[in-house]
Structures are given as C-alpha cells and as structure tokens.
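Structural description and commentary
Given next are the chains, with one letter for each unit.
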Amino acid sequence: MNGTALITGGQRGIGLGIARALDTAGMQVVLTSEKDGNDPEVHTALAQLSDRAMYLAHDLRQPERVRALFDAVEARAGAVTCLVSNAGVPAPVRGDMLDVTPDSFDFVMDVNLRGGFFLAQETARRMLAGKTSTPSSIVFVTSVSASMVSVERSEYCISKSAASMMASLFAARLAGDGIGVFELRPGIIETDMTAAVRDRYDPMIADGFVPAKRWGQPEDIGKTVRALVSGDLAYSTGSVIPVDGGLSIQRL
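Described below are features of the structure shown in this document.

Rules behind the numbers
Residues numbered from 1 in each chain as written. Predicted model: local features only at pLDDT ≥ 70, side-chain atom pairs only at ≥ 80, totals over all residues. Heavy atoms only, no water. Patch = residues over 30% accessible without salt bridge, like charges linked within 9 Å, V, L, I, M, F, W, Y side chains within 5 Å. Areas by Shrake-Rupley, 256 points an atom, 1.4 Å probe, with all protein chains shown as cover. Salt bridge = Lys/Arg side-chain N within 4 Å of Asp/Glu carboxyl O. Helix = DSSP H or I, 4+ residues; strand = E, 2+ residues; numbered from the N terminus. Buried < 20%, exposed > 50% of the residue type's maximum accessible area, 1.4 Å probe, protein only. Pairing = 2+ DSSP bridges. Axes fitted to C-alpha atoms, helices over the stretch in contact; angles between N-to-C directions. Contact = heavy atoms within 4.5 Å. Phe/Tyr/Trp six-rings, centres within 6.5 Å; stacked < 30°, edge-to-face > 60°.

1. Re a nonpolar patch on the surface
On the surface, Met 97, Leu 98, Val 149 and Val 151 cluster together into a nonpolar patch covering about 450 Å² of accessible area. Note on placement: Val 151 falls in the loop between strand 5 (136–141) and helix 5 (154–174).

Next comes the structure, spelled out in structure tokens:
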C-alpha cells in the first residue's frame, strides 16, 4: 500500500494500533501529538514501527500551526494521502453535567472538534491541489458516544456527536473529487486511557454488555482503517462504521 498517512494521537492506544496496521501495509506513517519528540512515549511508539515511520509534534489547540505541520510532512515524507483524525481527550472530570465548567467544555471542544476541523480542512485543500493516483482518504475516529449518552461526561459526548456531523460534511464536500471520508465509532477499547475503568467494565462485558463479550483492541480499529484507506471502499464514502463488538446495536 502506497501513500503517506498522518495520524493524530498516533503515539499510543488506538492511534498506535492504526499506525501499526498502516505501517505493516507499506504506508509511510507520520505520527503527531502535542508531545515533544524526545518524550519516552514517542520513542516507544516508533520502536514498534518500521524505520520509515516518523514523528512530528503538533498541538491541535493551535490551528494556526497546521500549515507548518503539513509543510514539514511534505518535506520529509511527501504529500499526505490519508489523514486519520484520531486524537482526542476525555472529559477532565466525570460527574454531573450540571457541574461542567466553561473551561472543561472549551478544552474538550478545542481538541476533539476545533482542532480536528482545521486539520481536516488543510488536508482537503492540499489533497485537492495535488491529486495523485494514490487513493486519498480522511478517517475521523469518533466514538459510540457520538450517539450513546453518558451524562457524566457530557462535553465529550457533545464533541463526538459534532465530530460525526463534521465527518458527514467533509464526505459530502469531497465525494465528487474522489476523496473518501469515513467515520469510525470505537466502543470500549483496551488502552491506557481505559485502564482506570477496567474493573468496572470487566464484569459488564462478561455479562453481555458488549455482545462480543470481550474488550476491543487497538488492532481492531487498525484493521478497519487499513481496509478503508486502500481505496477499495471509495464508493462507500460517508459511511459510519461501529467498531464496538456490537455494543451500539439496539437490543431489548
């Protein structure tokens, strides 16, 4: 598989699972997050990938730096043919939605929504300006929380629901130009971010809360992204794909 994939939040968890899948498929993988390139987490991630993988720091809360990020990617790895908009933050504090503060709300929106929008916008502009024979795609990693309510983390759910609309908007805008846009909705995925709630979810999953009766793995998301960015599903642009072991299926 040819092309260059830019993966936000690619240094850990779901993002790293996606990076491993695309790297194994032969893509040039560029990871990005707000962390410094010397951070141990970044080194650990790159050690799991081929020598062609690289890392560039970028804070999604600084959309004015997006052009500089793409200039750096293009200089080192060529034009981006695939954006995986994966980075996101949870609600800083779980609790009563009546207690959510403006600072907490704005922090989540800045990363999960505003930062993701302007990164995708620049991606689309550059894809349109420099079309190649390599399939072009944008994949938004949202969450089952785009449609499933968790009142103790309202700002997160709102951000993911809005991100779902963002994915639809980009899909409609870019469909005529042959750029595939997809939304993935992970369920309960086993990462360091969910480690704190493992004891809560283990018995629920075993009792059938997740029909597949297991935790999702970052590799589950990675395999799905790999299929989408191949170009084989280009006519399915705009699709919303749950990767949740059946969690979001309506049941009695």
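2. Digging into the pairing of strand 1 (residues 4–8)
Judged by how many residues are buried, strand 1 sits mostly within the fold: 5 of 5 residues are covered. Both faces of strand 1 are covered, namely the face carrying Thr 4, Leu 6 and Thr 8 and the face carrying Ala 5 and Ile 7. Judged from the 5 bridges that link them, strand 1 and strand 2 (residues 28–33) form a sheet pairing that is parallel. Across the sheet, the residue bridging to Leu 6 is Val 30, located in strand 2. As paired elements, strand 1 and strand 4 (residues 82–85) share 3 bridges and run parallel to each other. Among the inter-strand pairings, Ile 7 is bridged to a residue of strand 4, identified as Val 84.

3. Section: the pattern of salt bridges
Enumeration according to the criterion identifies 16 salt bridges in this entry. A salt bridge links Lys 35 to Asp 39, with the nearest nitrogen and oxygen atoms 4.0 Å apart. For Lys 35, a relative accessible area of 23% translates into the label partly exposed. According to the relative accessible area criterion, Asp 39 is partly exposed, its value standing at 22%.

4. Re the sheet that holds strand 4
Taking strand neighbours across the sheet as the criterion, the 7 strands line up as 3-2-1-4-5-6-7 in an open arrangement whose pairing is parallel. Taken across any chain shown, the strands that pair with only one partner, and hence form the sheet edges, are strand 3 (54–57) and strand 7 (240–243). On average, each strand axis in the sheet is tilted by 20° relative to the strand beside it, whichever way the strands run. Relative to strand 7, strand 6 (residues 179–186) runs parallel, the two being bridged by 4 bridges. Bridged to Pro 186 within strand 7 is Val 243. Where helix 5 meets the sheet, it contacts strand 5 and strand 6, and its direction lies at approximately 160° from that of strand 6.

5. Considerations on the packing of aromatic side chains
One pass over the structure, following the stated rule, counts 5 aromatic pairs. Taking 5.6 Å as the distance between ring centres and 50° as the angle between the ring planes, the aromatic pair formed by Phe 117 and Phe 170 counts as tilted. In this pair, Phe 117 sits in helix 4 (residues 102–129) while Phe 170 sits in helix 5, placing the two residues 53 residues apart along the sequence. Judged by relative accessible area, which is 32%, Phe 117 ranks as partly exposed. Measuring from centroid to centroid gives 6.5 Å for Tyr 201 and Phe 209, while their planes differ by 25°, and the two rings are stacked. A relative accessible area of 12% places Tyr 201 in the buried class. Chaining the aromatic ring pairs together yields one cluster made of Phe 117, Phe 118, Phe 140 and Phe 170.

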